[in-house]
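# Summary of structural features
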Amino acid sequence: MAYTSTLFGRRYTFADLKTLLAKASPLRSADELAGLAAESEEERAVAQRVLADVPLRRFLEEPLIPPEDDEVSRLIFETHDPAAFSVIASLTVGEFREWLLSDLTRDTDIAGIRSGLTPEMAAAVSKLMRNQDLIAAAKRCTVITRFRNTLGLPGRLSTRLQPNHPTDAPKGIAASILDGLLYGNGDAVIGINPATDSPANVDTLLHLLDRIIGEHGIPTQSCVLAHVTTTLELMRRGAPVDLVFQSIAGTEAANRSFGLNLALLREARDMALSLKRGTVGDNVMYFETGQGSALSANAHHGIDAQTCEARAYAVAREFQPLLVNTVVGFIGPEYLYDGKQIIRAGLEDHFCGKLLGLPMGCDVCYTNHAEADQNDMDNLITLLAVAGCTYFMGVPGADDIMLAYQSTSFHDALYLRRVLGLRPAPEFEAWLDHMGIFDGRNALNRGHPKLLGAVRALAGEAP
Amino acid sequence: MNEAWSNLRRFTQARIALGRAGHALPTEALLEFQLAHALARDAVHLPWDIEAFAAQVRASGADCLILATPVADRSEYLRRPDLGRILVAESRERLRHRAMAQAEIDVVPIITNGLSSTAVERHGMPLLQAVLALYRSHGFRVGPVCLAANGRVALSDDIGSALRARVAVIVVGERPGLSAADSLGIYLTYAPRIGNTDAQRNCISNIRPPEGLSYEIAAAKLVYLTEEAIRRQLSGVELKDELLPLLEPAGD
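What comes next is a walk through the structure. Remember, predicted model here, so these are calculated numbers, not experimental data.

### Concerning empty space enclosed by the protein
All names here are of chain A. Taken as a whole and judged by the stated rule, the model has five cavities of 30 Å³ or more. In this structure, the largest cavity occupies an estimated 60 Å³ of space. For the largest cavity, the lining is made up of 13 residues, of which Leu 295, His 300, Ile 303, Asp 304 and Ala 305 are closest to its centre. In terms of residue count, helix α16 (residues 293-296) provides more of the lining of the largest cavity than any other element does, three residues in total. Class assignment for the residues of the lining of the largest cavity results in eight nonpolar, three polar and two charged.

Here it is, written out as structure tokens:
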């Protein structure tokens, strides 16, 4: 179905819903590269006006990819809950924006429609929202998950401790972990991106993490971000796997390029559940996403990058993850050109994820060939923290020496605790206080934390 | 800062034990980061003096061609990866004529600045010399050294197929990180043709002596992969290496 509008005597026609969504998207280089972006600012503004008048119901009538061609589309339609949708079934996209921001809508009402929302509806409304709308509406969505601690409570902010090393040297990784813990990081997960995905290497790292967490009684979980097939194989061999990691995307073809499908994720989740390693909950999956992943796999079906990204959240929520992370500026400037585009994308992803009921964190990051710097990261991390983002990355000095990009640091989380009063997950906060790392008032202790014993032990070893 | 804590730096180049000013970075750590970022940014935007590089290649006794992609400048290069993957028509025609006029080629070496001209300026020539010497000693028929500014990895498909080389090898300046802005990567493709995917390539990365891989080890890995690719008539994920671990530097 075509969507049309006449403005200043000029007739605009948008061939179908996915074209309208793409043209209504705030500018980003990924859509330009794909040839999907609006050709002028005027066309974009017109597309947004047209999109505002589209009934939400239309998204159930016009699938962006036919369900018979794509298992992600099938998942979206099969899991759609008409009863939950009925609350907003009469609204247009523009009216839905106002409903999300309205004083008359309770936060619990927003949570109540989650299962009636498709990712395309979330993406559509986000395209009409200013940055402050994305922050204000996301702030209304609370998503709580549990494994060995409780993540996502209001007033809380967690961190993934990311101790990567270019050769996966265990002592180098252990050094970064101790450093991060001493700065109060690591309650979302202690998660290593392995330099090599070989099962033997990943197994070594899993045991390293298991030993550190066990030795110090840390109420947190570990993850080695290997391919799901590697983690599956290691679970079969009895390796200590807390969380199953996988990068996911919003189309079946893009997921295939990642070497996965929904059945494989289901199998991995079932096996992780059977290990029963969680103490306070059983959210066992950790997903990463990012705008542009479907395009880079040439598997976007003419759908814009942000809508593809929202579709990945439909995949994520099927498996009740502990954590979802949009790695917003990682791929490079051909997808998000500069700080402005990265900031916008980070806010969109967090909003769409939270609206759909996911425990969204954000790897606030950039590469050195993007027009961005640490000031842009300061801006985005502050905006997202205000929006209630579940967690950020903690990388030593914000410099990931294995992945060659810049993220956020242990210090950045401390900055947010100080300026916004956000506390770590309660179980982890109690541990930080007990270990003398925090002072009982959500700040670093001035004395000597007990963990320095472990530091001295490691420092005394040969490199 | 506790001394034992600082000593952990022996185990990693990561920015650990930075200390703090309140909850922020101390000024020295802040300034170090800014400097490292500045170096990386400059490395990305630095243009490549391809004529000077070609002169060095010719002075070393190797045959050398300067080719072009349709990329106009660095800004376009960053936004349009598709343009970095192809030659302008004139360059492609030159290679085709050349292919008709010469004997069959086993391997064509290609060099592009990629995302770091600094890396190519610093390590390009010594790496090329190590590679060419080893190729010759193993009896490979090596094509002309092809230079092209602002290229992506898949440019090797266009060049390799135009020259009808059995294997295309492209040396690329890697995305600069804060700790290393001068790292080179090599990608090898058997039966180069437009439309090949990265799953069909083998990669040797982090060539950056003395911290990273040495020229000699990189060359040895490359020649091994080239031999295996030609023997088994494939490259990429199916070409796993059985020999490569033996070549890792001790203590790595």
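Here the narrative resumes, following the displayed structure.
### Quick word on the sheet that holds strand β4 (residues 167-173) of chain B
Residues and elements named next belong to chain B. Pairing is mixed across the open sheet formed by six strands, whose spatial order is β1-β3-β2-β4-β5-β6. Edge positions in the sheet fall to β1 (64-67) and β6 (201-207), since each of these pairs with one other strand and no more. On average, each strand axis in the sheet is inclined to that of its neighbour by 20 degrees, with strand direction left out of account. Here strand β5 (residues 184-190) runs beside β6; their pairing, made up of five bridges, is antiparallel. In the sheet register, Leu 188 faces β6, and the bridge partner there is Asn 202. Of the strands in this sheet, β1 and β3 (145-148) are in contact with helix α5 (residues 89-101), which crosses β1 at around 150 degrees.

### What to know about helix α11 (residues 170-182) of chain A
Residues and elements named next belong to chain A. Between its first and last C-alpha, α11 extends 18 Å over 13 residues, near the 18 Å set by a 1.5 Å rise per residue. Across the 13 residues of α11, 11 count as buried, placing the element largely inside the fold. Every buried residue of α11 is listed here: Gly 172, Ile 173, Ala 174, Ala 175, Ser 176, Ile 177, Leu 178, Asp 179, Gly 180, Leu 181 and Leu 182.

### Some thoughts on the layout of surface pockets
In this model, the second largest pocket occupies a volume close to 440 Å³. Residue lining of the second largest pocket: 18 residues in total, with Gln 374, Asp 378 and Asp 412 of chain A together with Leu 25 and Leu 30 of chain B positioned closest to the centre. When contributions to the lining of the second largest pocket are tallied by element, the ones reaching two or more residues are α19 (374-386) and α20 (410-420) of chain A together with α2 (27-45) of chain B. Considering each element in turn, the lining of the second largest pocket owes the most residues, four residues, to α2 of chain B. Broken down by class, the residue content of the lining of the second largest pocket amounts to seven nonpolar, eight polar and three charged.

### A few points about the packing of helix α9 (residues 119-127) of chain A against helix α17 (residues 305-317) of chain A
All names here are of chain A. In contact at an axis separation of 8 Å, α9 and α17 are set at 140 degrees when each is read in the N-to-C sense. Considering their axes alone, α9 and α17 lie oblique with respect to each other. As for the relative orientation of α9 and α17, their crossing is right-handed in sense. Between α9 and α17, the residues in contact are Pro 119, Glu 120, Ala 123, Ser 126 and Lys 127 and Gln 306, Thr 307, Ala 310, Arg 311 and Ala 314, respectively. Across the contact of α9 with α17, the residue classes break down as four nonpolar, three polar and three charged.

### Observations regarding the packing of helix α3 (residues 50-59) of chain B against helix α6 (residues 117-137) of chain B
All names here are of chain B. The interhelical angle for the contact between α3 and α6, taken along N-to-C directions, is 20 degrees, at an axis separation of 11 Å. Between α3 and α6, the crossing angle belongs to the class labelled roughly parallel. Note on packing geometry: the crossing formed by α3 with α6 is right-handed. The residues of α6 that touch α3, namely those facing Phe 53, Gln 56 and Val 57, are Val 120, Gly 124, Met 125 and Leu 128. Taken together, the residues that form the contact of α3 with α6 break down as five nonpolar, two polar and no charged.

### Brief notes about unusual backbone geometry
Negative phi is the rule for most residues except glycine; trans is the rule for most peptide bonds. The amide bond that connects Pro 209 of chain B to the next residue, Pro 210 of chain B, takes the cis arrangement and shows omega of 5 degrees. Positive phi values are uncommon outside glycine, yet Ala 404 of chain A reaches one of about 55 degrees. Its place among the elements puts Ala 404 of chain A in the loop between β13 (399-400) and β14 (405-406). Positioned with a positive phi, Ala 191 of chain B is a non-glycine residue whose angle comes to about 50 degrees. Position of Ala 191 of chain B relative to the elements: it lies in the loop between β5 and β6.

Rules and cut-offs
- Residues numbered from 1 in each chain as written.
- Chains lettered and ligands numbered in written order.
- Predicted model: local features only at pLDDT ≥ 70, side-chain atom pairs only at ≥ 80, totals over all residues.
- Heavy atoms only, no water.
- 1 Å grid on protein atoms, 1.4 Å probe; cavity = no way out; pocket = protein on both sides within 12 Å on 5 of 7 lines; lining within 4 Å.
- Points joined across faces, edges and corners; volume = space filled by probe spheres on them.
- Helix = DSSP H or I, 4+ residues; strand = E, 2+ residues; numbered from the N terminus.
- Nonpolar A, V, L, I, M, F, W, Y, C, P; charged D, E, K, R; others polar.
- Pairing = 2+ DSSP bridges.
- Axes fitted to C-alpha atoms, helices over the stretch in contact; angles between N-to-C directions.
- Contact = heavy atoms within 4.5 Å.
- Expected span 1.5 Å × (residues − 1).
- Buried < 20%, exposed > 50% of the residue type's maximum accessible area, 1.4 Å probe, protein only.
- Parallel < 35°, antiparallel > 145°, perpendicular 65-115°, else oblique.
- Left-handed = near helix turned anticlockwise from the far one by under 90°.

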